[in-house]
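Listed here are the chains, written in short residue letters.
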Amino acid sequence: MEKGLSDPLRPFFSPRVETVKRPLSFRFFHLADWRKRDKISLLLSRKRNEDEALAFLNLRGQKMMDIEKVRSYFRADRYAMEVTGIEIEEIGEMGATCGFTLEDRHLNAGNRAQGGAIFTLADFTFAVAANAVHICQENTVRAVSQTVSITYIAAGMPGGRLKAEARQISYRRSTCLYEVRVTDEGGQLVALATVNGF
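Nothing here was measured: the structure is a model prediction, and the numbers come from that model.

K.L.:
Can you explain the overall build of the protein chain? Please cite residues and give values.
P.N.:
When helices and strands are tallied, the protein chain shows five helices and eight strands. Along the protein chain, from the amino end to the carboxyl end, the secondary structure elements read β-β-α-α-α-α-β-β-α-β-β-β-β.

Next comes the structure, spelled out in structure tokens:
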């Protein structure tokens with residue numbers, strides 16, 4: 001069966017590992033992105049044709065990454081987007097970028113960025129990165145932060161802009177791990193966080 005698959009589907013199957021028990025048995029590579037593999041498996045195991053699996057891959061590349069849909073969904077996060085003023089700048093299958101300009105409401109008694117504001121930016125950017133595909137495809141959130149470890153490295157200055165970039169390290173069936181780098185407008189690293197999602 002695997003030998004007859006179209007070229008775009010070949011990377012998801014391998015003859016060198018054990019067969020996974022399915023209605024139709026296929027051999028898979030070990031993938032970090034379980035979502036894509038399981039979707040393709042579902043399409044094929046239900047005896048649908050390859051065109052549907054290929055259409056799914058095309059959908060991910062063309063229609064899945066709708067940033068306006070993601071922004072619209074997260075407007076319901078009033079603390080992050082209204083109170084804190086975070087803006088979603090970029091999204092992708094493996095990460096996201098968000099940011100906000102430091103105003104008086106974000107400052108601590110030392111006239112620097114309050115740690116809670118930086119933490120909120122990092123945690124929110126993780127949420128966008130881990131759920132963008134699901135929101136575009138299903139209009140729902142599947143991953144929430146379970147454990148967050150953050151190290152503050154430099155102070156955010158009033159009037160400056162902070163940017164957080166979340167990058168996927170691992171995405172399993174029930175857990176995921178992201179690294180989030182928070183930088184100022186000059187590119188200096190302000191904070192580094194790792195987020196374990198569930």
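K.L.:
Quick one: what's the story with the packing of aromatic side chains, residue by residue and with numbers?
P.N.:
What characterises a pair of aromatic rings is the spacing of the ring centres plus the angle enclosed by the ring planes. Evaluated as defined, the whole model comprises three aromatic pairs. For the ring pair Y73 and F74, a centre distance of 5.7 Å and an interplane angle of 75 degrees mean the geometry is edge-to-face. Take Y73: its relative accessible area is 29%, and that puts it in the partly exposed class. Residues F74 and F124 carry aromatic rings whose centres are separated by 5.3 Å and whose planes lie at 75 degrees to one another, so their mutual orientation is edge-to-face. Taken together, the residues F74 in helix α3 (residues 67–74) and F124 in helix α5 (residues 115–138) connect sequence positions 50 residues apart. Through a chain of ring-to-ring contacts, the aromatic side chains of Y73, F74 and F124 assemble into a single cluster.

K.L.:
With reference to specific residues and values, describe the confidence of the model for the protein chain.
P.N.:
The predicted model of the protein chain has a mean per-residue pLDDT of 80, with 68% of residues at 70 or higher. Across residues 59–63 the pLDDT falls below 50, and counting only partners more than four positions away or on other chains, this stretch makes seven contacts in the model.

K.L.:
Tell me about the sheet that holds strand β8 (residues 189–197), residues and numbers included.
P.N.:
As summarised here, the arrangement of the six strands in space is β3-β4-β6-β7-β8-β5, forming an open sheet in which the pairing is antiparallel. The open sheet has two edge strands, β3 (87–91) and β5 (145–152), and neither has a second partner. Neighbour to neighbour, the strand axes of the sheet diverge by 20 degrees on average, direction disregarded. Bridging between β3 and strand β4 (residues 95–101) involves four bridges; their strand directions are antiparallel. In the sheet register, E87 faces β4, and the bridge partner there is G99. In this fold α5 packs onto β3, β4, β5, β6 (161–171), β7 (176–183) and β8, with an angle of close to 145 degrees to the strand it touches most, β4.

K.L.:
Outline the nonpolar core, listing residues and values.
P.N.:
V70, F74, F124, V128, L162 and V182 are the most contacted members of the largest nonpolar core, which has 38 residues in total. The element that contributes the greatest number of residues to this core is α5, accounting for 13 residues. Apart from the residues lying within four places of it in its own chain, the contact partners of L162 are C98, G99, F100, L102, A113, I118, L121, G156, V182, T183, D184 and V190.

K.L.:
Talk me through the packing of α3 against α5; I want residue IDs and the actual numbers.
P.N.:
Relative to each other, α3 and α5 sit at 120 degrees, their axes nearing to 10 Å. Here α3 lies oblique to α5, going by the angle between them. Seen from above, α3 lies across α5 with right-handed handedness. In this structure, α3 contributes K69, V70, Y73 and F74 to the contact, and α5 contributes F124, A127, V128, A132, I135 and C136. The class makeup of the residues in the contact of α3 with α5 is nine nonpolar, no polar and one charged.

K.L.:
With reference to specific residues and values, describe the pattern of salt bridges.
P.N.:
Counted according to the given criterion, the structure contains six salt bridges. Residue R161 is joined to E89 by a salt bridge in which the shortest nitrogen-to-oxygen separation is 2.9 Å. Note that R161 is positioned in strand β6 and E89 in strand β3, a separation of 72 residues in sequence. Residues R142 and E138 are paired through a salt bridge, measuring 2.8 Å at the closest nitrogen-oxygen approach. Judged by relative accessible area, R142 falls into the partly exposed class, the value being 49%. Taking the relative accessible area as the measure of exposure, E138 reaches 34% and is therefore partly exposed. When salt bridges with common partners are traced through the structure, they connect E87, E89 and R161 into a single cluster.

Cut-offs and rules
- Residues numbered from 1 in each chain as written.
- Predicted model: local features only at pLDDT ≥ 70, side-chain atom pairs only at ≥ 80, totals over all residues.
- Heavy atoms only, no water.
- Helix = DSSP H or I, 4+ residues; strand = E, 2+ residues; numbered from the N terminus.
- Phe/Tyr/Trp six-rings, centres within 6.5 Å; stacked < 30°, edge-to-face > 60°.
- Buried < 20%, exposed > 50% of the residue type's maximum accessible area, 1.4 Å probe, protein only.
- pLDDT = per-residue confidence, 0-100.
- Contact = heavy atoms within 4.5 Å.
- Pairing = 2+ DSSP bridges.
- Axes fitted to C-alpha atoms, helices over the stretch in contact; angles between N-to-C directions.
- Core = buried A, V, L, I, M, F, W, Y, C linked by side-chain atoms within 4.5 Å.
- Parallel < 35°, antiparallel > 145°, perpendicular 65-115°, else oblique.
- Left-handed = near helix turned anticlockwise from the far one by under 90°.
- Nonpolar A, V, L, I, M, F, W, Y, C, P; charged D, E, K, R; others polar.
- Salt bridge = Lys/Arg side-chain N within 4 Å of Asp/Glu carboxyl O.

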